[in-house]
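Structure at a glance
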Amino acid sequence: MAYTDYLDQVQSIYNAYYGRPADPAGLQYWAERLDAEGGNLDAIIDAFGNSEEADALFGGMTNEATVNTLYNQMFDRNADPEGLEFYVGKLESGEMTLASIALDIYNGAQNGDAVILENKLAVSNRFTANL
């Protein structure tokens, strides 16, 4: 595959984890890295989760507030009580990282939530292309 095959996936990760579109250089860098990793998101997700931007965005929040921030960035709403309890439990147990939770929430979106993410991807791609 070529790195261009991963552009939408990387843009989606930016939306899910940082709540914003990728800058052109970052989009290309992470797409190339994902291509080099054979499409394996593990290293990229870890890097997103250990970034300065992640520390600035999520540092000092409670686990509940952090999970709700992910939901708000993706869907403009807080998590439902069951989802909040589930992901806070995974985060507190160390079973999942915040970055892997973001990806899990993103990949599990259905119905109206999936439409929101599709729209955010389209707008983000246009935004990044115009920078």
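Look up a bit, the structure's there.
Residues numbered from 1 in each chain as written. Predicted model: local features only at pLDDT ≥ 70, side-chain atom pairs only at ≥ 80, totals over all residues. Heavy atoms only, no water.

1. Quick notes on the overall build of the protein
In terms of regular secondary structure, the protein is built from eight helices and zero strands. Secondary structure elements in the protein, listed N-terminal to C-terminal, are α-α-α-α-α-α-α-α. Rg of the C-alpha trace for the protein: 14 Å, near the compact-globule value of 14 Å for 131 residues, within the 12% margin. Across the 131 residues that make up the protein, the buried fraction comes to 41%. Summarising the internal contacts of the protein: among those between residues at least 6 apart in sequence, 63% fall at separations of at least 24. Just so you have it, the protein exposes about 7,000 Å², and 50% of that area is on carbon and sulfur atoms. Both charge centroids of the protein, one from 6 positive and one from 21 negative side chains, sit 5 Å from each other. (Helix = DSSP H or I, 4+ residues; strand = E, 2+ residues; numbered from the N terminus. Rg over C-alpha atoms; globule rule 2.2 N^0.38 Å. Buried < 20%, exposed > 50% of the residue type's maximum accessible area, 1.4 Å probe, protein only. Contact = heavy atoms within 4.5 Å. Areas by Shrake-Rupley, 256 points an atom, 1.4 Å probe, with all protein chains shown as cover. Lys, Arg positive; Asp, Glu negative; His and termini not counted. Charge placed at Lys NZ, Arg CZ, Asp CG, Glu CD.)

2. A few points about the side chain of S124
In this fold, S124 is placed in helix α8 (residues 111-129). You can call S124 buried: its relative accessible area is 4%. From its side chain, S124 meets the backbone oxygen of K120 in a polar contact 2.8 Å long. Beyond its immediate stretch of four places on either side in the chain, S124 contacts Q11, N15 and P21. (Polar contact = N/O pair within 3.5 Å; in protein donor to acceptor, adjacent residues only side chain to side chain.)

3. Re the packing of helix α1 (residues 7-18) against helix α5 (residues 63-75)
Following both chains from N to C, one finds α1 and α5 inclined at 130°, their axes separated by 7 Å at the closest point. Taken together, α1 and α5 sit at an angle that is classed as oblique. Between α1, through N15, A16, Y17 and Y18, and α5, the contact on the second element is made entirely by L70, Q73 and M74. Residue composition of the contact of α1 with α5, grouped by class: five nonpolar, two polar and no charged. (Axes fitted to C-alpha atoms, helices over the stretch in contact; angles between N-to-C directions. Parallel < 35°, antiparallel > 145°, perpendicular 65-115°, else oblique. Nonpolar A, V, L, I, M, F, W, Y, C, P; charged D, E, K, R; others polar.)

4. Observations regarding unusual backbone geometry
Phi is positive for D76, which is not a glycine, with a value near 60°. Examined against the element boundaries, D76 turns out to sit in the loop between α5 and α6 (81-93). Even without being glycine, N111 reaches a positive phi, approximately 50°. Its location among the elements puts N111 in helix α8. Note on N111: relative accessible area 64%, which makes it exposed.

5. Describing empty space enclosed by the protein
Within the structure shown, the criterion is met by one cavity of 30 Å³ or more. If you add up the space inside the largest cavity, you get close to 30 Å³. Around the largest cavity, the lining residues are I13, A16, Y17, I45, A99, A102 and L103. When residues of the lining of the largest cavity are traced back to their parent elements, those giving at least two are α1 and α7 (98-107). For the lining of the largest cavity, a count of residues per class yields seven nonpolar, no polar and no charged. (1 Å grid on protein atoms, 1.4 Å probe; cavity = no way out; pocket = protein on both sides within 12 Å on 5 of 7 lines; lining within 4 Å. Points joined across faces, edges and corners; volume = space filled by probe spheres on them.)

6. A word on α7
Of all 10 residues that make up α7, seven are buried, and the element is covered over most of its length. For α7, the set of buried residues is L98, A99, I101, A102, L103, I105 and Y106. Where α7 is buried, its residues meet α1, α3 (42-49), α4 (52-58), α5, α6 and α8.

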